[in-house]
Amino acid sequence: MGFRCGIVGLPNVGKSTLFNALTATAAAAAANYPFCTIEPNVGRVPVPDPRLDKLAAIAKSAKIIPTQLEFVDIAGLVRGASKGEGLGNQFLAHIREVDAIAHVLRCFEGGDVTHVEGSVDPLRDADTVETELMLADLESLEKRQTNAAKKAKGGDKEAKAQIEVMDPVLALLREGKPARVFKPSAEQKPVLDQMQLLTAKPVLYVCNVEEASAAAGNALTARVAERAKAEGASWVVVSAAIEAEVSQLTDEAERQEFLSSLGLEETGLARVIRAGYGLLNLITFFTVGPKETRAWTVHKGAKGPEAAGAIHTDFERGFICAETIAYDDYLACGGEQGAKDAGKMRQEGRDYTVQDGDVILFRFNV
């Protein structure tokens, strides 16, 4: 399991250019006019993880299979999207289907591309999109609240649980605050999730900058960073133009040389993925053997059977134990046998909480 991240923003901020670069395809028709992306384009990309190569080298694996994540390029939102302006209803529906939002903000002046608002102001742009999402959530919840309130008065327990979440979230939205400000209890979280609120989704601000600011950012990205910190959101600086160039280089040494010349150690994709993992509390575990070394993704806090289920439902259903070696121990001991000999392999049961980097062999019986 990876995660599904929707790329949103105003028209002409670099969404499709970034999407093309991230997925190394030309599937999204990047062009200098609004609504060039009508249907959401979906691209699956491998998650880069240097640990895979090290594990595979020790196990002499024939194949290396990274975990994947999906990016969805969603057409540009405009003022009035919540009321259907600029094909708004379609776009809002597409946002509803993703796990997290990568909000692309234009953080560079000049260039040939015309800004839809006539000037460059990333915070204003962020507010424009956020307002439309909040208005859509407000309308959606107000419609549902009346019906739920009637049922709750009649003693419906499910409706009562919904009202206990709806009322505080509606109060926040009416104050101009997104639904993610609401901190649900463990019992309330599944109720909130079922409501599929647009502003309850975690946000990653992607600051699209000119080439010269790719390494250190600029005054505009500093303003976005300040906002992100205040909201508890994540942010990354990326140059979509650089990413587009890097995606065309097939030789790894050439890619690294190009990045180094710009003062960069890694691609923007790597930064977006790392921020996205943190955003959704995802961790990676590995299965290692002579046939393949493979990365798998689960949510932080996942127990052994859940991790087994990420591989196959039969593994979860018939879970017996997880033979586990920590990544550092696997490397230090030179592989599985060395870890066994050193007493570093552990047999973990159903209550074991999987740790990032665990190398696991699942024992199961169906």
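Residues numbered from 1 in each chain as written. Predicted model: local features only at pLDDT ≥ 70, side-chain atom pairs only at ≥ 80, totals over all residues. Heavy atoms only, no water.

Caption draft 1: Highlighting the sheet that holds strand β7 (residues 234-238). A sheet is described by the order of its strands in space; here six strands give the open sequence β2-β4-β1-β5-β6-β7, paired in mixed fashion. Across the chains shown, the open sheet's two edge strands, defined by having one partner strand only, are β2 (41-46) and β7. Taking each pair of neighbouring strands and ignoring which way they run, the sheet shows an average axis angle of 25 degrees. As paired strands, β2 and strand β4 (residues 68-73) are joined by six bridges and run antiparallel to one another. Paired with P46 across the strands is Q68, a residue of β4. Together, β1 (4-8), β2, β4, β5 (100-106), β6 (203-208) and β7 form the strand contacts of helix α1 (residues 15-23), whose direction differs from that of β2 by roughly 40 degrees. (Pairing = 2+ DSSP bridges. Helix = DSSP H or I, 4+ residues; strand = E, 2+ residues; numbered from the N terminus. Axes fitted to C-alpha atoms, helices over the stretch in contact; angles between N-to-C directions. Contact = heavy atoms within 4.5 Å.)

Caption draft 2: Representation of empty space enclosed by the protein in the model. For the structure shown, the criterion picks out one cavity of 30 Å³ or more. Lining the largest cavity are V8, I101, H103, V129, E130, L133, R180, L198, T199 and V203. Contributions of two or more residues to the lining of the largest cavity are made by β5 and α4 (122-153). With three residues, the top contributor of residues to the lining of the largest cavity is α4. Classifying every residue of the lining of the largest cavity by side-chain character gives six nonpolar, two polar and two charged. (1 Å grid on protein atoms, 1.4 Å probe; cavity = no way out; pocket = protein on both sides within 12 Å on 5 of 7 lines; lining within 4 Å. Points joined across faces, edges and corners; volume = space filled by probe spheres on them. Nonpolar A, V, L, I, M, F, W, Y, C, P; charged D, E, K, R; others polar.)

Caption draft 3: Representation of helix α9 (residues 252-261). Between a side-chain oxygen at the N-terminus of α9 and the backbone nitrogen of A253 the separation is 3.3 Å; the capping residue is D251. Phi for G263, located one or two positions after α9, is positive at around 80 degrees. (Polar contact = N/O pair within 3.5 Å; in protein donor to acceptor, adjacent residues only side chain to side chain.)

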